[in-house]
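Survey of secondary and tertiary structure
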Amino acid sequence: EEAHCPNIGECWGGGTATFMVMSDICTRGCRFCAVNTKRIGPPLDPNEPTKLAQTIAAMELNYVVVTSVNRDDLDDQGAAHFAACISEIRKSSPSTMVEVLIPDFQGQTHLVDMVVEAQPEVIAHNIETVQRLTPSVRDPRAGYRQSLEVLAHIKAADPERATKSSIMLGLGETEQEVLEAMGDLRAVGTDFLTLGQYLKPSNKHLSVKEFITPEQFDRYRELGEGLGFRYIASGPLVRSSYKAGEFFIRQQIENNRKRA
């Protein structure tokens, strides 16, 4: 809701929901994002992990995505809170698959490890755009290489953990730059990728430079599959958690559970 996602009804109707934790105030000011920003966010609710787990259990969801705002103002940037959310969901809904979409934690790997050790099925972190456009699209504290290093560290810490990322299109990137970004993601072992059309949420945000055709989205999907991604969702209304409970992803996770 805070991000003005165009697919809320579809995802909720399919038994998938995305929950944003650690408040609706972000400490960063990315130029594409509709979430409110301040230098210091509100105190964390220590009961939020339990309340989140209770809500998921009551809704009987089979796949959930837990994301958050950036909380650079906190000592651990919210990593322990993320881990607690995963733990509480496990207690209340042991069969529910959990995907987390995490911040970069300023590249501090010991904070990333706190999330990895909680063992969600999928850990996502978005590079958002191609390398050239990153400084003009994302907050200065974010970084293209820093995001890749986060994804690389997750795989190094737990090679069996599925990783995921997302790229917005229509910000002025070239096809070659998108291919290079996809190649960079595969080089750090990223399993799943989503590509969607950037839509300007307000007059304060970046302008759309181009509306990508459905044919081009299909081409990106085919090129990405050729690079070895296990799954790609590519289309105008696709978002980072779009169809997160897609049968193919669930099937892969279930197969991994059986092997374990």
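From a predicted model like this one, the values you see are computed outputs, not experimental measurements. (Residues numbered from 1 in each chain as written. Predicted model: local features only at pLDDT ≥ 70, side-chain atom pairs only at ≥ 80, totals over all residues. Heavy atoms only, no water.)

Quick word on the overall build of the protein
Within the protein, the secondary structure is distributed over nine helices and nine strands. Nonlocal contacts in the protein, meaning residues at least 24 apart in sequence, comprise 75% of its contacts between residues at least 6 apart. (Helix = DSSP H or I, 4+ residues; strand = E, 2+ residues; numbered from the N terminus. Contact = heavy atoms within 4.5 Å.)

Focus on helix α4 (residues 109–117)
Among all positions of α4, only Leu-111, Val-112, Val-115 and Val-116 are buried. Relative to the axis of α4, the buried residues are bounded by an arc of 150° and lie together on one face. In this structure, the buried residues of α4 make contact with α3 (79–92), β5 (97–101), β6 (122–124) and α6 (144–157). Gln-119 occupies a position one or two residues after α4 and carries a positive phi of about 60°. (Buried < 20%, exposed > 50% of the residue type's maximum accessible area, 1.4 Å probe, protein only. Arc of directions from axis to C-beta.)

Some details on the pairing of β5
Within a regular beta strand, the side chains point alternately toward one face of the sheet and then the other, so they alternate between its two faces. Burial analysis of β5 places five of its five residues in the buried class, the great majority of the element. Residues Met-97, Glu-99 and Leu-101 line one face of β5 and the alternating positions Val-98 and Val-100 line the opposite face, and both faces are buried. Of the pairings in the sheet, the one linking strand β4 (residues 63–68) to β5 comprises five bridges and is parallel in character. Each residue of the ladder has a partner; that of Val-66, found in β5, is Val-100. Read as a crossover between parallel neighbours, the route from β4 over α3 to β5 is right-handed. (Pairing = 2+ DSSP bridges. Right-handed = clockwise from strand over helix to strand, strands pointing away.)

Topic: the pattern of salt bridges
Applying the stated criterion across every chain yields a total of 16 salt bridges. A salt bridge links Glu-121 to Arg-90, with the shortest nitrogen-to-oxygen separation between them at 2.9 Å. Note that Glu-121 is positioned in the loop between α4 and β6 and Arg-90 in helix α3, a separation of 31 residues in sequence. Owing to a relative accessible area of 12%, Glu-121 belongs among the buried residues under this scheme. In the salt-bridge network here, residues are joined through shared partners; they are Arg-28, Asp-72, Asp-104, Asp-139 and Arg-141. (Salt bridge = Lys/Arg side-chain N within 4 Å of Asp/Glu carboxyl O.)

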